[in-house]
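Here's the letter readout for the chains.
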Amino acid sequence: MASLRVMLVAGARPNFMKVAPIWYAIQKRGGISVILVHTGQHYDPNMSDVFFAELGLPQPDEFLGVGSGTHAEQTARVMLAFEPVLEKYKPDVVVVVGDVNSTLACALVAVKRGVKVAHVEAGLRSGDRTMPEEINRIATDAISDYLFTPSRDADANLLGEGIPAERIFFVGNVMVDTLLAHREKAIQHSSILQQLDLGERQYAVITLHRPSNVDSEEALHRMVEVILAVQKRLPVVLPLHPRTRSRLGDRVKVLAEEGVILLEPLGYLDFLRLMCSARVVLTDSGGIQEETTMLGVPCLTMRENTERPVTLTQGTNHLVGASPEHIITSLEKDVLSKEEHRQYTLPEGWDGHAAERIVDTLIALWSCKY
Ligand code: UD1
């Protein structure tokens, strides 16, 4: 039997920590050849290269360099650039992760060229079709051959959408694999707490980049109000996504004058170190909801919905919406007035072995085929 050829695709920051454990599991397993493709959706060194270096990923075999643009431009550019790469390597299966534009674009190209597609982190649904990522999730799942899910709610979502059970494989959470593999290293090697002079559980970390929170004046105004209200209670560390920095404009000066610690986007290890010792994390990210649950750190998710409900039911996450009053009430009631966070349990399959289960499944599927 010829060895299985896997093409592994990453495009944007939250993809890199999902691809890394799969790449490692393939190396460990042996007998599989892997082609690593980076679409270049994210391209700044601190949004991309630092993750490859810290996660020990090799240089990608192909870098498509698509860059930023409208959703249509970006998705179309990935598709155009990906098609010849697919033709060049002729993989047996294309593995896409997460829900960014690159995920959908590469899945669509592959499936139309008759190449099998595996989607990692399949089945997550926020129910909010105004989120571009929700459209990417629904469309990618609908066309993928193999759906690797991180939690049982994802299985139920896919079944509810009529996807046959034999295409769904519950494997657990690959981002957790990366977190568990790097947590000790982050604690030992990152000096971010000393650099910023921050004490254990003495500060809040805030991240913001969703269009719904930063793209309109009204939303930005609300978010600035939240940041300043949190800063009155405990020091705020705010690593700024490029989208958010450009939208904030001169408001960054106001935040800095009030003592908010404004940073460029951080690498994986520094950000993980910051989360580990934070009193609370306030965010609109998807992945951070999961990472804080793994770390047992309270998280306030500043969105109206989440595609990761398991972090609410079992984890440390609170869905607090975007109203400053509501967010600060929850900060006081759910976090600052409590010595310890409520009991939480780790979701099933969040054990550091999800990527191995993915690779085992692919091998099993291919040994049945040939
Ligand atoms: C993308 C993903 C989102 C993910 C986020 C993580 C989609 C639809 N969205 O959103 O799901 O949570 O990444 O960061 O795929 N920019 C830079 N340098 C970079 C990358 C971007 O300066 O390396 C700037 C550009 O001005 C760009 C803007 O950031 O226009 C937004 O980048 P883009 O990739 O369009 O979307 P994100 O908001 O990063």
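So, here is what we can say about the structure in this document. (Residues numbered from 1 in each chain as written. Predicted model: local features only at pLDDT ≥ 70, side-chain atom pairs only at ≥ 80, totals over all residues. Heavy atoms only, no water.)

Time to look at the packing of aromatic side chains. Across all of its chains, the model carries six aromatic pairs by this definition. Considering the side-chain rings of phenylalanine 16 and phenylalanine 52, the 5.3 Å spacing of their centres and the 65° angle between planes classify their relative orientation as edge-to-face. Here phenylalanine 52 lies in helix 2 (residues 49-54) and phenylalanine 16 lies in helix 1 (residues 13-29), a separation of 36 residues in the sequence. Taking relative accessible area as the criterion, phenylalanine 16 reaches 0% and is therefore assigned buried. Put simply, the rings of Tyr146, Phe148, Phe169 and Trp366 touch in pairs and so form one group of aromatic residues. (Phe/Tyr/Trp six-rings, centres within 6.5 Å; stacked < 30°, edge-to-face > 60°. Helix = DSSP H or I, 4+ residues; strand = E, 2+ residues; numbered from the N terminus. Buried < 20%, exposed > 50% of the residue type's maximum accessible area, 1.4 Å probe, protein only.)

With that settled, the discussion passes to the sheet that holds strand 9 (residues 236-239). Taken together, six strands build an open sheet; the order of strands is 10-9-8-11-12-13 and the sheet is parallel. The sheet terminates laterally at strand 10 (261-263) and strand 13 (317-319), the two strands that pair on one side only. Across the sheet, the axes of successive neighbouring strands diverge by a mean angle of 20°, strand direction being ignored. Relative to strand 11 (residues 280-283), strand 8 (residues 204-207) runs parallel, the two being bridged by four bridges. Each residue of the ladder has a partner; that of valine 205, found in strand 11, is valine 281. Those strands touched by helix 10 (residues 217-231) are strand 8, strand 9 and strand 11, and its axis lies near 145° from that of strand 9. (Pairing = 2+ DSSP bridges. Axes fitted to C-alpha atoms, helices over the stretch in contact; angles between N-to-C directions. Contact = heavy atoms within 4.5 Å.)

In spatial order, the strands read 3-2-1-4-5-6-7; together these seven strands make up an open sheet with parallel pairing. Two strands close off the open sheet at either side, each with one partner strand: strand 3 (62-63) and strand 7 (168-170). Where strand 2 (residues 32-38) meets strand 3, two bridges bridge the pair, whose relative direction is parallel. In the sheet register, histidine 38 faces strand 3, and the bridge partner there is phenylalanine 63. Along the sheet face, helix 1 touches strand 1 (4-10), strand 2, strand 4 (93-97) and strand 5 (116-120) and points at about 160° away from the line of strand 1.

Scanning the entire structure with this criterion turns up 29 salt bridges. With a closest N to O distance of 3.2 Å, arginine 247 and aspartate 215 form a salt bridge. In this pair, arginine 247 sits in helix 11 (residues 242-248) while aspartate 215 sits in the loop between helix 9 (211-214) and helix 10, placing the two residues 32 residues apart along the sequence. Each of Lys18, Asp99, Glu121, Glu134, Arg137, Glu290, Arg303, Glu307 and Arg308 takes part in a single network of salt bridges with overlapping partners. (Salt bridge = Lys/Arg side-chain N within 4 Å of Asp/Glu carboxyl O.)

Before going further, it helps to spend a moment on the site of the ligand. The immediate surroundings of the ligand are formed by 19 residues, with Gln41, His42, Asn101, Glu133 and His209 found nearest. Within the backbone of asparagine 101, a nitrogen or oxygen atom sits 2.8 Å from an oxygen atom of the ligand. Interatomic distance of 2.9 Å between a side-chain N/O atom of arginine 243 and an oxygen atom of the ligand. Alone, the ligand offers 740 Å² of accessible surface; in the complex the protein occludes 84% of this. Residue assignment for the shell around the ligand shows that the elements contributing at least two residues are helix 1, helix 3 (71-89), helix 5 (132-143) and helix 11. Across the shell around the ligand, the residue classes tally to five nonpolar, nine polar and five charged. (Near = heavy atom within 4 Å. Polar contact = N/O pair within 3.5 Å; in protein donor to acceptor, adjacent residues only side chain to side chain. Areas by Shrake-Rupley, 256 points an atom, 1.4 Å probe, with all protein chains shown as cover. Nonpolar A, V, L, I, M, F, W, Y, C, P; charged D, E, K, R; others polar.)

What follows covers unusual backbone geometry. For glutamate 121, which is not glycine, the phi dihedral falls at a positive 85°. On the basis of relative accessibility, which here comes to 7%, the residue glutamate 121 falls in the buried class.

This part takes up the packing of helix 10 against helix 16 (residues 324-336). Orientation of helix 10 relative to helix 16, taken along the N-to-C sense of each, is 25°, at an axis distance of 9 Å. Between helix 10 and helix 16, the crossing angle belongs to the class labelled roughly parallel. Once helix 10 is placed against helix 16, the crossing between them reads as right-handed. Between helix 10 and helix 16, the contacting residues are Arg222, Met223, Glu225, Val226, Ala229 and Val230 on the first element and Pro324, Ile327, Ile328 and Leu331 on the second. (Parallel < 35°, antiparallel > 145°, perpendicular 65-115°, else oblique. Left-handed = near helix turned anticlockwise from the far one by under 90°.)

A few words now on the packing of helix 4 (residues 101-112) against helix 5. Packed helices, taken two at a time, are described by their axes: the angle between them and the distance between them. Between helix 4 and helix 5, the shortest axis-to-axis distance is 9 Å and the interhelical angle comes to 25°. When the interaxial angle is binned, helix 4 and helix 5 end up roughly parallel. Handedness of the helix 4/helix 5 crossing: left-handed. For the pair formed by helix 4 and helix 5, the contact residues are Asn101, Thr103, Leu104, Ala107, Leu108 and Val111 on the first element and Asn136, Ala139, Thr140 and Ile143 on the second. When the residues that make up the contact of helix 4 with helix 5 are grouped by side-chain class, the tally is six nonpolar, four polar and no charged.

Among the secondary structure elements, threonine 149 is positioned in strand 6 (residues 146-149). Threonine 149 sits in the buried class, given a relative accessible area of 0%. A C-alpha to C-alpha distance of 36 Å links threonine 149 and glutamate 218, two positions 69 residues apart in sequence. Setting aside chain neighbours within four positions, we find threonine 149 in contact with Ala122, Ala154, Asp155, Leu158, Ile168, Phe169, Phe170, Val171 and Gly172.

Among soluble globular proteins, nonpolar side chains are generally buried collectively. Counting residues in hydrophobic clusters, the biggest one holds 65 residues, and the most contacted among them are Ile22, Phe148, Leu274 and Leu362. Per-element accounting of this core gives the leading share, eight residues, to helix 1. Not counting the four nearest positions on each side in its chain, isoleucine 22 is found in contact with Leu8, Val95, Val97, Val120, Val174, Ala355, Ile358 and Val359. Residues Ala204, Met223, Val230 and Leu282 belong to the second largest nonpolar core, which totals 29 residues. (Core = buried A, V, L, I, M, F, W, Y, C linked by side-chain atoms within 4.5 Å.)

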